[in-house]
Amino acid sequence: MMAYGVAAAIHSELFQKVFVSSDDPEIGRVAEWYGAEFIERPAELATDTAQSIDAVTHVLRVSEAKGVQSEWLCQILPNCPLVTSADVVEHWEKFRTARRSFQISVVNYRCVYPEWALAGDVEGRGRWLWGREFLTRSQDLSSAVCPTGAVWWARREDLLAQNTFYGEPFHLQLIDANRGVDIDDDDDLRLAELLVRGLTDRDGRSPLEKMKESYLLRGKT
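Just so we're clear, the structure is a prediction, and the values are computed from it rather than from any experiment. (Residues numbered from 1 in each chain as written. Predicted model: local features only at pLDDT ≥ 70, side-chain atom pairs only at ≥ 80, totals over all residues. Heavy atoms only, no water.)

Student: How would you summarise helix H6 (residues 186-203) if you had to cite specific residues and measurements?
Tutor: Compared with the 26 Å implied by 1.5 Å per residue over 18 residues, the 26 Å span of H6 between its first and last C-alpha is a close match. For H6, the complete set of buried residues consists of Asp188, Ala192, Leu195, Val196 and Leu199. All buried residues of H6 fall inside an arc of 100° around its axis, so they share one side. The outward face of H6, more than 90 degrees from its buried face, is lined by the exposed residues Asp186, Asp187, Leu194, Arg197 and Asp201. Its side-chain oxygen 3.2 Å from the backbone nitrogen of aspartate 187, aspartate 185 forms the N-cap of H6. Once H6 finishes, glycine 204 follows within two positions and takes phi at roughly 75°, a positive value. (Helix = DSSP H or I, 4+ residues; strand = E, 2+ residues; numbered from the N terminus. Expected span 1.5 Å × (residues − 1). Buried < 20%, exposed > 50% of the residue type's maximum accessible area, 1.4 Å probe, protein only. Arc of directions from axis to C-beta. Polar contact = N/O pair within 3.5 Å; in protein donor to acceptor, adjacent residues only side chain to side chain.)

As structure tokens, this is what we get:
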């Protein structure tokens, strides 16, 4: 999945360098195959409880030691494989022209309403997670969005000062929910596969960013 984000970044032609951070050398080889530069992540930044922002600042430190320094940076998470170079460029233009410090890609909630969220106890008894005051008609609810890791922009100086992409002030930028889908579990993966097949049938072409020969098929005929 990571390779699609790498391809989107490279094809956008916006970046001096595209880096991939991981503690896995195999992922590093895949990243380099698709044109990114691999930065090995320290073990303490690769635990289940490690913060992603620490991996980002580690990349900044390593890249600056190599002589690469920019006023802005963009994060594309590997679990958002439907993001395209056009999305990266569109979000950059908004970030740049609006002179923003932080910009988070978001998708509209669809099919579900966060105000109607339920929680259950061990016996399956339910309760309204946010309270009954939100139990109104769906058409009367305010529009709501959810962050997706597809395209996050930040000013380097502000990110280092605040150590978060959700710095003050951060802005939201919509991305088509079909391309901003986050894949966190098997259900998400199956949804993404359905989206790719459906969009391919509808548009007559794959919605995925074009890439070079597959790493898995390299050298094979």
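Student: Can you explain the layout of surface pockets? Please cite residues and give values.
Tutor: The probe, sized like a water molecule, is rolled over the atoms to show the empty space still left. The volume enclosed by the largest pocket comes to roughly 1200 Å³. Lining the largest pocket are 37 residues; nearest its centre among them are Phe19, Val20, Cys74, Gln75 and Ile76. Residue assignment for the lining of the largest pocket shows that the elements contributing at least two residues are helix H1 (2-12), strand E1 (19-22), helix H3 (52-65) and strand E3 (72-75). Of all the elements, H3 adds the most residues to the lining of the largest pocket, at six residues. (1 Å grid on protein atoms, 1.4 Å probe; cavity = no way out; pocket = protein on both sides within 12 Å on 5 of 7 lines; lining within 4 Å. Points joined across faces, edges and corners; volume = space filled by probe spheres on them.)

These figures come from the coordinates and say nothing about function on their own.
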